[in-house]
Amino acid sequence: MTTRKEKKHTRDLHQQRESRIARLVEAGRIKSAAEIPEDALPAALELQTPQGTWSPPLFYRDISFHCKDCGKHEVWSATQQRWYYEIAKGPVQATAKRCGACRKKHKEETLRQRELLRLHREKKAAGKTMGTKEKMRK
Ligand SMILES: [Zn+2]
């Protein structure tokens, strides 16, 4: 059974698609709605973060890829891409490279490395100050 709310949601999505396509045509990015595949989500370029001369994605469509760390097959869905580029403001040239588990692991590792680097810099800075004092004493 379809509730009234679900019907409204489908209608909203359809309207959103229409208005996004209209904006792409207006911007001269596409000539007609036929250039956006039926199973793809049209992009809102004004919400993306432009990266120099890199061509922005005009629509989002499920992408399947293999995780660069563990080789697992994953799908980066059209809705995830829209969220990444338009809400999280990810750079337009970036694409998914890791599966969920490896992405989490990689993020934790990056944070750990950054923390180690910070501690290292602090130690070095403290060492320098001490060194100057030593010289002054002589
Ligand atoms: Zn993985």
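The structure presented is a predicted model; accordingly, all values stated were derived computationally and were not measured.

Take the environment of Ser 55 next. The residue Ser 55 is located in the loop between strand 1 (41–42) and strand 2 (59–60) in this model. Spatially, the C-alpha atoms of Ser 55 and Gln 93 are 8.0 Å apart, while their sequence positions differ by 38 residues.

A few words on the confidence of the model for the protein chain. Confidence in the prediction of the protein chain, expressed as mean pLDDT, is 90, and 91% of residues score 70 or more. Taken element by element, the protein chain is modelled with least confidence in helix 3 (residues 100–137), mean pLDDT 85, and with most confidence in strand 2, mean pLDDT 97.

What follows concerns the nonpolar core. In this structure, Ile 21, Leu 24, Ile 36, Leu 41, Ala 43, Phe 59 and Tyr 60 together form the largest nonpolar core, which totals seven residues. Secondary-structure elements contributing two or more residues to this core are helix 1 (4–26) and strand 2. Every residue in contact with Ile 21, bar those within four places of it in the chain, is listed here: Ala 33, Ile 36 and Pro 42.

Once that is clear, we can look at the environment of Leu 119. Summarising the element assignment, Leu 119 is placed in helix 3. Classification of Leu 119 by C-beta neighbours within 10 Å gives exposed; the count is 10. Between the alpha carbons of Leu 119 and Ser 32 there is a distance of 55 Å; along the sequence they are 87 residues apart.

Since the α-helix packs 3.6 residues into each turn, any two residues three or four apart lie on the same face. In this model helix 1 runs 33 Å from its N-terminal to its C-terminal C-alpha over 23 residues, within 8% of the 33 Å that 1.5 Å per residue would give. Little of helix 1 is tucked away, with two of its 23 residues classed as buried. Gly 28 sits one or two positions beyond helix 1 and adopts a positive phi of about 80°.

It is worth spelling out the pairing of strand 3 (residues 63–66) at this point. Across four bridges, strand 3 lies against strand 4 (residues 73–76) in antiparallel orientation. Residue Ser 64 lies in a different strand from strand 4, and its bridge partner there is Val 75. Here strand 3 hands over to strand 4 after six residues, with Gly 71 in that stretch at a positive phi of 80°.

Bringing helix 2 (residues 78–87) into the picture now. Turning to helix 2, its buried residues number three or more, namely Gln 81, Arg 82 and Tyr 85. All buried residues of helix 2 fall inside an arc of 100° around its axis, so they share one side. Opposite the packed face of helix 2, turned more than 90 degrees from it, sit the exposed residues Thr 79 and Ile 87. Of the surrounding elements, those touching the buried residues of helix 2 are strand 1, strand 2 and strand 4. Backbone geometry just downstream of helix 2 places Lys 89 in the positive-phi region, at approximately 60°.

Moving on, we come to unusual backbone geometry. Leave glycine aside and you will find that most residues have negative phi; peptide bonds, for their part, are mostly trans. In this structure, Lys 89 takes a positive phi of about 60° despite not being glycine. Along the chain, Lys 89 turns up in the loop between helix 2 and helix 3. With 11 C-beta atoms counted inside 10 Å, the residue Lys 89 sits in the exposed group.

Conventions and cut-offs
- Along each chain, numbering runs from 1 in the same order as the chain's sequence is written.
- Confidence filtering applies because this is a predicted model: local features only for residues at pLDDT of at least 70, side-chain atom pairs given and counted only at 80 or more, and all residues used for totals across whole chains, interfaces and linings.
- What counts as a helix is a DSSP run of H or I of at least four residues, what counts as a strand is a run of E of at least two, and both are numbered from the N terminus.
- Per residue, pLDDT measures the predictor's confidence, with a range of 0 to 100.
- Here, a nonpolar core denotes buried Ala, Val, Leu, Ile, Met, Phe, Trp, Tyr and Cys residues that are linked to one another through C-beta atoms within 7 Å.
- Counting other C-beta atoms within 10 Å of each residue's C-beta, where C-beta atoms are placed from the backbone, gives the exposure class: buried for 20 or more, exposed for 12 or fewer, partly exposed between.
- Throughout, a pair of residues is in contact if the C-beta atoms placed from their backbones lie within 7 Å.
- To estimate the expected span of a helix, count its residues, drop one, and scale the result by 1.5 Å.
- For two strands to be treated as a pair, DSSP must find at least two bridges joining them.
- The arc in question is the one traced by the directions running from the helix axis out to the C-beta atoms.

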